[in-house]
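One letter stands for each residue in the lines below.
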Amino acid sequence: MRSAPFRFFIVRAGTTAAATVLLPCLLAAVPAVGSDIAPDVAGRTCVLLFMAGAGYSSGVADLADLRALGEQECAGALARNGAEPLTAGSSQALQRRWRIRDGRQFPPAFLADLDSAGANRLLLVHLYLGSERLELSGRLIDAGTGLTSAAATKVCPLGGAAWRIDFAIACRRLVATLAASDRTRTNAPVAPLSVHPLGFAAATAQIATQCLIEAALADSACAVLDPAILGGVLVADGVDPRRLDQPGLALLAGAFGAPSVIVIEMITRDPDQSLPSAIDDDGPASGTAAWETISPFSLHLRVVDTGTGLVSAAYGVDQDNTPARGWFGIIGSGTPRRLIAAAMHRLWDDSLRPGKVR
Amino acid sequence: MTPRLGIRIAFAAGLALLAGCAAPTTHFLHPDVDLGFVKRCAVVPFRNLSADRFAAARLQPVFLAELLQSEALQVVDPGATQAACNRLGLGPDTAPTPEQIVALGEALDAQAIFTGTVEEYGQRRSGGGQVNVLTATFSMSETETGSMVWNAQVSRDGSSFWRKIFGGDSASQFDVSRRAVRDALESLF
């Protein structure tokens, strides 16, 4: 009779072999956007992939393996979409040199180094690993201008032994979606800072920041500066993005020509919320609050004029976490991302309407 | 209709009106103050005396939005205000002294500073259910001398006459907060 570890090895080896055979076939089935486009030799794209909200029990045994697979798949998908990816070795060397650990802020020196390495674009991907599903949030950033040209999110299930195949397909679909929605926007740029959480884990705030960018990009005319680039510039100059004073505003106005800055706070409405204060900080994600659940919350947006330092408009929305009852009494499940995205779109739409306060 | 029945109906209607009315805002406005000289103001982080840890953080953006809606004053960004408070060593749980108000006014180029204290925030039993409640005090000080020129204490809850009669949930905490802040600011502008 075989021992349990031996049986596990056989099962795992079988799964890996099946994945090796099936993966190319399945990936070929996913449509690639512009797959016949020649690689853009003028500038490469640096793939940065980070785990966010990881550390939960799931079918994925090795997070490093998952990350490596994701980087490989995203780079391959980029190449198929006509963009030349920076080699994994160069990308990792840059990350190590400038201590880029979570992709929440990019210092200007890192961007300059990226330019000298021949890359002018970033593909930033965050993986949110849950117990039954995995979410991939990605955005394409122009490292020279700081503008986000596309942002998208894909979800894939984590059940079963074939998670590698599901994950690879999700990576490829994410890159294809980003490539399809990638276009130049000519209007004056809006400058949203990363969402500041109160009572939420950093991973949840990061999801909210992604939803903010997606909502802003849904307005087709808007050119959107990336919060990670803005945050990096501020921190490099010694300015706390959460306490943006006049020199900080002048810095953003000078560096990016932004007429105003958008500041958003996400505050829990759960009266029993008793998270430690470190959760509020932009530090590493903590395992104490899962990104898969969310308490009711409020989003507050304010538009700050970079010239005067005055608040020119303010808006707020409330969002419950109770399941919504739809047609025929069907209860729709709301994942945290869906709830945050819905609230963020409402907030953004409100901010586009004439008038000052809602 | 007999006169007695008419009196009864009038009495019942009066009771109903009273039940629907909120308590008035208790406020003080300095009689000699001229609000015309106040163009630019700042809102310092509110103090929290309630059991809810984030009550002050939730109420402050509501106050800011309502203050902007009045279109009476220009408001310095709370981020810059917070940075100035940090530089002056002004903590979130201490009321600023007149000297600190003057210093804040100079640092932010503001003629008035708003402060606030959340005294009660959360839910209270009312009848057969729970209603959201808020009790808060707001103040405005001018930055030449640091003296207080306006103070208002307001208490609102999510119940209403129609909710009491026909049932239904309490108004949300967000709506209760907006109503309380609006009522308080009406005593100023």
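Residues numbered from 1 in each chain as written. Chains lettered and ligands numbered in written order. Predicted model: local features only at pLDDT ≥ 70, side-chain atom pairs only at ≥ 80, totals over all residues. Heavy atoms only, no water.

With that settled, the discussion passes to the side chain of Asp226(A). Topologically, Asp226(A) is positioned in the loop between strand 7 (223–225) and helix 7 (227–236). Within polar-contact distance, the side chain of Asp226(A) engages the side chain of Thr148(A) at 2.8 Å. (Helix = DSSP H or I, 4+ residues; strand = E, 2+ residues; numbered from the N terminus. Polar contact = N/O pair within 3.5 Å; in protein donor to acceptor, adjacent residues only side chain to side chain.)

Here we come to the interface of chain A and chain B. If you look at the interface, chain A gives 33 residues, while chain B gives 27 residues. Interface area for chain A against chain B, summed over the two sides, is near 2,300 Å², with a carbon-plus-sulfur share of 61%. Seen at the junction of chain A and chain B, the total is two salt bridges. Between Asp77(B) and Arg302(A) there is a salt bridge; the shortest N-O distance is 2.5 Å. Where chain A meets chain B, there are five residue pairs in polar contact (both at pLDDT 80 or more). (Contact = heavy atoms within 4.5 Å. Buried area = accessible area lost by both parts, 1.4 Å probe. Salt bridge = Lys/Arg side-chain N within 4 Å of Asp/Glu carboxyl O.)

What follows concerns the pairing of strand 10 (residues 311–319) of chain A. When you tally the buried positions in strand 10 of chain A, you get eight out of nine residues, the bulk of the element. The hairpin formed by strand 9 (residues 297–305) of chain A and strand 10 of chain A contains five residues between the paired strands, and Gly309(A) there has a positive phi angle of roughly 80 degrees. (Buried < 20%, exposed > 50% of the residue type's maximum accessible area, 1.4 Å probe, protein only. Pairing = 2+ DSSP bridges.)

Attention now goes to the nonpolar core. With 37 residues, the main nonpolar core has Phe63(B), Leu67(B), Phe114(B), Phe138(B) and Trp150(B) as its most contacted residues. Looking at this core, the elements with two or more residues in it are strand 10 of chain A together with strand 2 (40–43), helix 2 (55–69), strand 5 (112–126), strand 6 (129–142), strand 7 (148–157) and helix 6 (173–186) of chain B. Each residue touching Phe138(B), except ones within four places of it in the same chain, is listed here: Phe46(B), Leu59(B), Phe63(B), Thr115(B), Gly116(B), Trp150(B), Asn151(B), Ala152(B), Val154(B), Val181(B) and Ala184(B). Counting residues in hydrophobic clusters, the runner-up holds 36 residues, among them Ala215(A), Leu217(A), Ile294(A) and Phe297(A). (Core = buried A, V, L, I, M, F, W, Y, C linked by side-chain atoms within 4.5 Å.)

With that settled, consider the packing of aromatic side chains. By the definition in use, this model includes seven aromatic pairs over all chains. With a centroid separation of 5.6 Å and an interplanar angle of 25 degrees, the aromatic rings of Phe106(A) and Phe110(A) are classed as stacked. With respect to burial, Phe106(A) and Phe110(A) carry one shared label: buried. Aromatic side chains Phe114(B) and Trp150(B) sit 6.1 Å apart centroid to centroid with 75 degrees between the ring planes, which places their arrangement in the edge-to-face category. Of the two residues, Phe114(B) sits in strand 5 while Trp150(B) sits in strand 7, which places them 36 residues apart along the sequence. Here Phe114(B) and Trp150(B) have matching classes, each one buried. Put simply, the rings of Phe46(B), Phe63(B), Phe114(B), Phe138(B) and Trp150(B) touch in pairs and so form one group of aromatic residues. (Phe/Tyr/Trp six-rings, centres within 6.5 Å; stacked < 30°, edge-to-face > 60°.)

Moving on, we get to the environment of Leu108(B). Residues and elements named next belong to chain B. Mapped onto the elements of the fold, Leu108 is located in helix 4 (residues 98–108). For Leu108, a relative accessible area of 7% translates into the label buried. Here the alpha-carbon distance between Leu108 and Ala84, two residues 24 residues apart in the chain, equals 7.5 Å. Once residues within four sequence positions are removed from consideration, Leu108 is found in contact with Arg40, Ala42, Val76, Ala80, Thr81 and Ala84.

This paragraph deals with helix 2 (residues 63–80) of chain A. Residues and elements named next belong to chain A. With 18 residues, helix 2 should cover 26 Å at 1.5 Å per step; its first-to-last C-alpha distance of 26 Å lies within 8% of that length. Those residues of helix 2 that sit buried are Leu66, Leu69, Gly70, Glu71, Glu73, Cys74, Ala77 and Leu78. Positioned one or two residues after helix 2, Gly82 has a phi angle of 95 degrees, which is positive. (Expected span 1.5 Å × (residues − 1).)

The next point concerns the confidence of the model for chain B. All names here are of chain B. Here chain B averages 85 in pLDDT, and 85% of its residues register 70 or above. Of all the helices and strands in chain B, helix 1 (residues 3–20) carries the lowest mean pLDDT, 58, while strand 2 carries the highest, 95. Predicted complex metrics record ipTM = 0.80 and pTM = 0.81. (pLDDT = per-residue confidence, 0-100.)

Moving on: the packing of helix 2 of chain B against helix 6 of chain B. All names here are of chain B. Following both chains from N to C, one finds helix 2 and helix 6 inclined at 50 degrees, their axes separated by 9 Å at the closest point. Here helix 2 is positioned oblique relative to helix 6, judged by the angle of their axes. Once helix 2 is placed against helix 6, the crossing between them reads as right-handed. On helix 6, the residues that touch Leu59, Val62, Phe63, Glu66, Leu67 and Gln69 of helix 2 are Phe174, Ser177, Arg178, Val181, Arg182 and Leu185. For the contact of helix 2 with helix 6, a count of residues per class yields seven nonpolar, two polar and three charged. (Axes fitted to C-alpha atoms, helices over the stretch in contact; angles between N-to-C directions. Parallel < 35°, antiparallel > 145°, perpendicular 65-115°, else oblique. Left-handed = near helix turned anticlockwise from the far one by under 90°. Nonpolar A, V, L, I, M, F, W, Y, C, P; charged D, E, K, R; others polar.)

This part is about the pattern of salt bridges. Residue and element names in this part refer to chain A. Using the criterion set out here, one finds 21 salt bridges over all chains in the structure. Put simply, Arg164 and Asp65 hold a salt bridge, and the shortest N to O gap is 2.2 Å. Here Arg164 is found in helix 5 (residues 163–181), whereas its partner Asp65 is found in helix 2, with 99 residues between them in sequence. Residue Asp65 is classed as partly exposed on the basis of its relative accessible area, which comes to 21%. We note a salt bridge from Asp320 to Arg269, for which the minimum N-O separation is 2.8 Å. Placement of the pair is Asp320 in the loop between strand 10 and strand 11 (324–325) and Arg269 in the loop between strand 8 (260–268) and strand 9, with a sequence separation of 51 residues. We classify Asp320 as partly exposed; its relative accessible area is 42%. Bridged by salt links that share partners, the residues Arg133, Glu135 and Arg337 form one connected network.

Residues and elements named next belong to chain A. With respect to the helices, strands and loops of the structure, Gln319 is situated in strand 10. Look at Gln319 and you get buried, because its relative accessible area is 12%. Gln319 has contacts with Arg269, Pro296, Phe297, Leu339, Ala342, Ala343 and Arg346, leaving out every residue within four places of it along the chain.

Glancing now at the state of the cysteines. What the rule picks out here adds up to zero disulfides over all chains. Residue Cys46(A) stays outside any disulfide, its sulfur separated by 12 Å from that of Cys74(A), the closest cysteine. The structure places no disulfide on Cys85(B), whose sulfur is separated from the nearest cysteine sulfur, that of Cys41(B), by 13 Å. When its relative accessible area of 2% is taken as the criterion, Cys85(B) is described as buried. (Disulfide = S-S within 2.5 Å.)

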